[in-house]
Amino acid sequence: VRSLLDAMCRFVFLGNLTGLPAASAPVGAVGALPVGLQIVGDAWEEATVLQVLAHLERIGAARVEKPAVHVDLLGG
């Protein structure tokens, strides 16, 4: 199980390791699995990362789609 987790998280440690601002945006799905686009900015460029994510949302590239089967934990 550990090697599977290592393989899945191979590219997501960069932000924590370097201290660079990073974020992920949902950009679609392959089958039933969601796909995210990871944005990593230059040092002290948090605003740029947020601007890129906001632009992806405005143009409709970043969107969250409710899965066919889900559980609403808040009951709403």
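Here, residues in each chain are numbered from 1, in the same order as that chain's written sequence. Given that the model is predicted, a residue must reach a pLDDT of at least 70 before its local features are reported, and side-chain atom pairs must reach 80 or more before they are shown or counted; all residues, however, enter totals for whole chains, interfaces and linings. Working from all heavy atoms in the structure, the side-chain values ignore hydrogens and water.

Caption draft 1: The environment of alanine 54, seen in detail. Tracing the chain through its elements places alanine 54 in helix 3 (residues 46-58). Buried means the residue's accessible area, taken with a 1.4 Å probe over protein chains only, is under 20% of the maximum for its type, while exposed means over 50%, and partly exposed covers the values in between. Judged by its relative accessible area of 28%, alanine 54 is partly exposed. Here the alpha-carbon distance between alanine 54 and alanine 25, two residues 29 residues apart in the chain, equals 9.6 Å. Going along the chain from the N terminus, every DSSP run of H or I of four or more residues is numbered as a helix, and every run of E of two or more is numbered as a strand.

Caption draft 2: Structural context of unusual backbone geometry. In this structure, tryptophan 44 takes a positive phi of about 65° despite not being glycine. Residue tryptophan 44 is classed as exposed on the basis of its relative accessible area of 77%.

Caption draft 3: Broad picture of the nonpolar core. The nonpolar core is taken to be a set of buried Ala, Val, Leu, Ile, Met, Phe, Trp, Tyr and Cys residues, with the residues joined through side-chain atoms within 4.5 Å. If you look at the biggest cluster of nonpolar residues, it comprises 6 residues: Ala25, Ile39, Val49, Leu53, Leu56 and Ala62. Take this core: its biggest share by element is 3 residues, from helix 3. Working rule for contacts: check all heavy atoms of both residues, and any pair within 4.5 Å makes them a contact. Excluding residues within four positions of it along the chain, leucine 53 makes contact with Ala23, Ser24, Ala25 and Ile39.

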